[in-house]
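# Results of the structural survey
This is what each chain is made of:
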Amino acid sequence: MQEIKKYVEDNKQRFLDELFELLRFPSVSADPKFKGDVLKTADFVAQKLKEAGAEKVEICETAGYPIVYGEKIIDPSLPTVLIYGHYDVQPADPLELWHTPPFEPTVRDGKIYARGACDDKGQFYMHVKAFELMMQTNTLACNVKFMIEGEEEVGSANLGIFVKANTERLKADVVLISDTSMISMENPSIETGLRGLAYMEVEVVGPNRDLHSGVYGGAVANPATILCKMIASLHDENNHITIPEFYDKVVELSDAEKAALNSAPFDLEEYKKDLAIDAEWGEKGYSTLERTGTRPTLEVNGIWSGYIGEGAKTVLPSKANAKISMRLVPNQNSDEISEIFAKHFEKIAPKGVKVTVTPHHGGEPVVTPTDSVAYRAAEKAIEDSFGKKPIPTRGGGSIPIVALFEDVLGIKSVLFGFGLDSDALHSPNEKYDIYNYYKGIETLPLFHKYFAELNK
C-alpha cells in the first residue's frame, strides 16, 4: 500500500492534468454535431492506454462510434480481468444551469466539475492510471484487457455485435466496471445489482395543424392535455404503476433481504436537504433505499408541445411528445415491458387523437454474486484501502451490458464504483471528488493483487 500511495503522490498532478484533458472533449454520442469530438476522444484513450503499457491497442470500428481495445497478457496461465468503461457522455443541456462551462473542468471545494467527470471518464480513467502504476512498479499480478466504448449513453447498440464477434479476444475471468457509486467515502460499498431499462418515446397527434385556441379550444382534443392525462394515469394514488402485467414477474424481497438493504447508512433528512425537497415521494409501503434499488419505476424524462418561446402565443398544438423510461428489476424483461407499455398506452388513448409509441434502447436487470472470488477480491481491496469492509448495496441505475457480458462471455461483473449519488450524473454541474479519483487509483491495484492470489 505504501508503494501504491507513493506512486500516486509522485504523479498526482499529472494524473489530474490528463483527466482534465480527457474531460475537455465534448464526446456527446447522442448529438451528431459532436461526432468529430467523440472520435478524437477515442484517439486520446487509445494513446493513453499505449503510454500506460497496454499492447495490441486498437480503435475498433463499429456501425456507430468505435470501441477502444487494449491488453497486457503477462502469463496466459494467470487470471484475466476485462475492464469496461465508456468515453462518451450525456448532453450538457441545459447549458444555462451550469455554474462553469461543462467541458472546461473546474475545481471547487476539492471537486471536479465537468460533464463526464464521474460518468464515466473520471471512473474509467482511474483504471488506466492504476494499470500504469502496476506496470511501472512491476506489480501487475494478472492479465488485463480494456474495452472502452463510445455509445453507452445511447444504449450501446453496437457493443453486443462487437462482443459476439470477439468472444475469444475478450475471454476473461471477470469484468471490472467502475460506472457506479458508493454510499460515501466513510461508508464504502459495492453495488451487487442493477436495474434494467426500457426507454420509450410517445407521440400524441390531434388536428392536422396547430389551431387558434380561441376559435377551436374546447371543441378539438388538445394533444398536450391528452398526453398529460395519459401520463398521469400511469400511476395510482399510491404511486403504483397501473399498466396491466407490469408487476407480474417482480419478486418481493424477503424480510431478511429488506432488513439487510435498509441497514445501510442513510439519512433521509440529509437526502432531502441535498435535493432541496421537503418530502420524499414514491411507491407506498417501501423505503427510499427499496424504491431506488429494488422496485421498478416509470418516469417522464422529457415532454414537449406547442409554443414555448418568449411571450404568448394562443395556440392549440397539433401534437405532443414525451420520453419515458422504466427501470426494471430482476425477472422483468425489457422487450416484454416495452410491449405491454405500448399496448396499454395505445389502449388508453381517447378518440380524437392518434398515438405512436417508439421503443428506444433497453437493458436487462442483473444481480451479481457476493460469494465469488472477484467479489471477495474487491472486498479485501476496499478493506485494505479504506480500513473497513464494504457494504453490499443495490444500484438504481442501469448498465445494460452487464447482462450482455454474462450471456455472451459467460462471466460475471464486479461493480467497483467510486462515485457518489450526489455527483449530479446526467445533470448540470456534474462533479467528481478529486479524493475519490485518487482513492480509486490506489484501490484498484489491490483488486488485481487479491484476484490473482484468491484464484491460486
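The residue numbers shown here count from 1 along each chain, following its written sequence. Given that this is a predicted model, residues contribute local features only at a pLDDT of at least 70 and side-chain atom pairs are listed and counted only at 80 or more, while totals for whole chains, interfaces and linings are drawn from all residues. Note: side-chain values were computed over all heavy atoms of the structure, leaving out hydrogens and water.

An unreviewed UniProt entry lists the chain under the name Dipeptidase, with Pedobacter helvus given as the organism.

## Considering the sheet that holds strand β4 (residues 106–108)
Strand pairing in a sheet relies on backbone hydrogen bonds, with the paired strands running either antiparallel or parallel. Whether two strands pair depends on DSSP finding at least two bridges between them. Helix and strand assignments follow DSSP, with helices taken as H or I runs no shorter than four residues and strands as E runs no shorter than two, numbered in order from the N terminus. One open sheet holds the three strands; their spatial order is β4-β5-β20, and the pairing between them is antiparallel. Because the sheet does not close on itself, it has two edges, and the strands there are β4 and β20 (431–433). On average, each strand axis in the sheet is inclined to that of its neighbour by 30°, with strand direction left out of account. Every residue pair with non-hydrogen atoms within 4.5 Å of one another is taken to be in contact. Axis definition: a line fit to C-alpha positions, over the contact stretch in the case of helices; interaxial angles, taken between N-to-C directions, run 0 to 180 degrees. Sheet strands touched by helix α12 (residues 434–454): β4, β5 (111–113) and β20. Its angle to β20, the strand with the most contacts, is close to 60°.

## Topic: the sheet that holds strand β10 (residues 196–205)
One open sheet holds the four strands; their spatial order is β12-β14-β10-β15, and the pairing between them is antiparallel. A single partner strand is all that each edge strand has here, and the edge strands are β12 (297–305) and β15 (354–363). Geometrically, the sheet is characterised by an average inter-axis angle of 15° between neighbouring strands, direction not taken into account. In this sheet, β15 lies alongside β10 in antiparallel orientation, the contact comprising eight bridges. Bridge pairing in β15 places E203 opposite T356. Its contacts with the sheet place helix α5 (residues 223–232) against β10, β12, β14 (319–328) and β15, and it is angled at close to 15° to β14.

## Regarding the layout of surface pockets
Taken as a whole, the second largest pocket holds about 360 Å³ of empty space. Two kinds of site are reported from a 1 Å grid over the protein atoms alone, namely cavities, where a 1.4 Å probe fits but cannot get out, and pockets, open sets with protein on both sides within 12 Å along at least five of seven lines, and residues are called lining when an atom falls within 4 Å of a point. Residue lining of the second largest pocket: 24 residues in total, with S334, G362, G363, E364 and P400 positioned closest to the centre. Residue contributions to the lining of the second largest pocket peak at five residues, all from β15. When the residues that make up the lining of the second largest pocket are grouped by side-chain class, the tally is eleven nonpolar, ten polar and three charged. Grid points are joined across faces, edges and corners, and a volume is the space filled by probe spheres set on the points. Side-chain classes follow a simple rule in which Ala, Val, Leu, Ile, Met, Phe, Trp, Tyr, Cys and Pro form the nonpolar group, Asp, Glu, Lys and Arg form the charged group, and the remainder, Gly included, forms the polar group.

## Some thoughts on the pairing of β10
Each residue gets one of three labels from its accessible area relative to the maximum for its type: buried under 20%, exposed over 50%, partly exposed in between, using a 1.4 Å probe on protein chains only. Within β10, seven of the ten residues are buried, leaving the element largely enclosed by the surrounding structure. Here β10 runs beside β14; their pairing, made up of ten bridges, is antiparallel. Following the sheet pairing, M200 is matched in β14 by I324.

## Description of empty space enclosed by the protein
Applying the stated criterion across every chain, the model contains two cavities of 30 Å³ or more. Every residue along the wall of the largest cavity is listed here: V251, E252, L253, K258, Y286, E290, T294 and R295. In this structure, the second largest cavity occupies an estimated 30 Å³ of space. Lining the second largest cavity we find I83, H127, A130, F131, M134, V144, L444 and H448.

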